[in-house]
Amino acid sequence: MTILRYINNFSPILFFTLLAGSLQAQEVIVTDSTSIDIESDIKTEIQDRTGKFKVDGVAAVVGDYVVLESDIDKMYLELQSQGVSTADVTNCNLAGRLMEDKLYAHHAVQDSIIVPDAEINARIDQQLAYMVQQVGSLEKVLEFYKREDEAEFRSELFEIVKQNELASKMQMQIVEGVEITPEEVRAFFTSIPEEERPVFGDEVEIAQIVVKPEIPQQEKDEIIARLNEMRADVLENGASFATKAVLYSDDTSSRSSGGKVSLSRNDPFVKEFKDAAFSLQEGEVSKPFSTIYGYHILTVDKIRGQQVDVRHILLIPDVSEETKQKALEEIQKVRERINNKEITFAEAAKEVSDEAETRESGGKLINPTTGDTRFELTKIDPLLYEQVVSLEKGQVSNVLTDQDNTGRPFYKIITVINRYPEHEANYAQDYNKIRELALRDKQLKAIEKWQKEKISETYVRVNGQYRDCEYTSNWLKK
């Protein structure tokens, strides 16, 4: 299970915190691992997690990748920064985990898994935007990491991000074909001794009705007019699109980089944005178009096959006090009708809710973690917990104010459809959760089998004190 938890996790906060050390200990790619004395080439003096200086050597070599002793120290610090207890974490544990990462990356290359440059650059854009947001400017970021210019910094980031993406895609490829049948789920459940069966905490099923204030047409017209003025200034007067994005765009994630975004056709951007990005030639500027986020104009910097580099400017229209008051009065009337038994909550949701994802199901929410309709109270979002913890089954909350991903306010009411008290796992009642546990167990076994096969056929060298470790995988090939 520990292995599965690491699949495709890459925290911007941790990346920012630990990157300084990572850049000082880049991966060494070995062209012939059996013939090069890597260790003598890259020994350097470093400060370990105890604050003492030591010589940085090679802890292990896996295929074409090297695990440095300093990598192990940095991983220890990463766990601490995540709030993970490190009391029982040893260097041997960390060395084993890092060797797994190198094994994934090495075989991703061997299996011709491709991470498009555009995908890597998009990740780098996100990381740089986050760093700039934290310290104030790109110049301060470069100064912090002691890099001469952005090009040098991006080049070093490229290798780090690429290896992470290769390892992630390799892990996903191993488990993506793993499926599980109802018979296997039942066999998994019955194999758990009764005294060891999991206990599920208090759970609730929730429904909500959302009413959003309308955006006045005048506001929309003014936004479109502003974007048309910017477009004309770029096309007719040669004004800088990137400068306008920095000055005026409401997209905080891309604003600092001049609105730059790299994407492919498979990236999870909204359809309207991708349609605009892939319909233009280099240098063209789109007319204003709308998405769920607001109104955009977009220009294409460079086309690279199925990848494209674009810049965009987003302006988010606002609601008025008048439309906010109208929406508030509407949802208050809906709540009153439900409490007076004039209409059921589910009927009201289908009639008035502005939330398309839940409207047809009577407002019922889906747990994004499990995919079913139950939310365990101990794991629920704190804001949602506060809203439902004191509600009885069938009771309707007071009108609550929330905001969407653009910052615009909206109003909602919530009800608890069902409550399930804490209980020992029950096959019929908790089938979806048990199925997820069974699937993860089968995925873990698939990964263990893959590791065993690949370690046996991959060049692995473990050095020094790390040869005395007891690994769960056969890194020492005994």
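The structure we're discussing is the one just above.
Report follows, based on the coordinates.

About the criteria used
Residues numbered from 1 in each chain as written. Predicted model: local features only at pLDDT ≥ 70, side-chain atom pairs only at ≥ 80, totals over all residues. Heavy atoms only, no water. Phe/Tyr/Trp six-rings, centres within 6.5 Å; stacked < 30°, edge-to-face > 60°. Helix = DSSP H or I, 4+ residues; strand = E, 2+ residues; numbered from the N terminus. Buried < 20%, exposed > 50% of the residue type's maximum accessible area, 1.4 Å probe, protein only. Core = buried A, V, L, I, M, F, W, Y, C linked by side-chain atoms within 4.5 Å. Disulfide = S-S within 2.5 Å. Pairing = 2+ DSSP bridges. Axes fitted to C-alpha atoms, helices over the stretch in contact; angles between N-to-C directions. Contact = heavy atoms within 4.5 Å. 1 Å grid on protein atoms, 1.4 Å probe; cavity = no way out; pocket = protein on both sides within 12 Å on 5 of 7 lines; lining within 4 Å. Points joined across faces, edges and corners; volume = space filled by probe spheres on them. Nonpolar A, V, L, I, M, F, W, Y, C, P; charged D, E, K, R; others polar.

**As for the packing of aromatic side chains**
Here a ring pair, both rings aromatic, is described through the centre-centre distance and the interplanar angle of the planes.
Inference 1: Applying the stated criterion to the full structure yields five aromatic pairs.
Inference 2: Note on Tyr104 and Trp450: the rings are 5.5 Å apart at their centroids and 25° apart in plane angle, and the pair reads as stacked. Note that Tyr104 is positioned in helix H5 (residues 91–110) and Trp450 in helix H17 (residues 431–457), a separation of 346 residues in sequence. The same class applies to Tyr104 and to Trp450, which are both buried.

**Things to note about the nonpolar core**
Inference 1: By size, the foremost hydrophobic cluster in this structure holds 46 residues, and its most contacted members are Ile72, Met99, Phe153, Val462, Tyr466, Tyr471 and Trp475.
Inference 2: For this core, the element with the highest residue contribution is helix H8 (residues 150–176), accounting for nine residues.
Inference 3: Grouped together as the second largest cluster of nonpolar side chains are 16 residues, Val211, Ala327, Ile343 and Val352 included.

**Thoughts on the state of the cysteines**
Inference 1: Enumeration according to the criterion identifies one disulfide in this entry.
Inference 2: Across the disulfide from Cys92 sits Cys469; the S-S distance is 1.9 Å. Negative torsions about the S-S bond denote left-handed disulfides, and the value of about -70° found for Cys92 with Cys469 makes this one left-handed. Note that Cys92 is positioned in helix H5 and Cys469 in the segment after strand E15 (460–462), a separation of 377 residues in sequence.

**Let's talk about the sheet that holds strand E3 (residues 58–62)**
Inference 1: With respect to topology, three strands assemble into an open sheet ordered E4-E3-E15, the strand pairing being antiparallel. Edge positions in the open sheet fall to strand E4 (65–68) and E15, since each of these has one partner strand only. Mean inter-strand twist for the sheet, computed between neighbouring axes without regard to direction, equals 15°.
Inference 2: Here H5 sits on the sheet and contacts E3, E4 and E15; the angle it forms with E4, its principal contact strand, is near 165°.

**Things to note about the layout of surface pockets**
Inference 1: Of the voids in this model, the second largest pocket is the one considered here, and its volume is about 1,500 Å³.
Inference 2: What lines the second largest pocket is a set of 50 residues, and nearest its centre among them are Gln208, Glu355, Leu365, Ile366 and Pro368.
Inference 3: With five residues, the single largest contributor to the lining of the second largest pocket is H17.
Inference 4: Classifying every residue of the lining of the second largest pocket by side-chain character gives 19 nonpolar, 13 polar and 18 charged.

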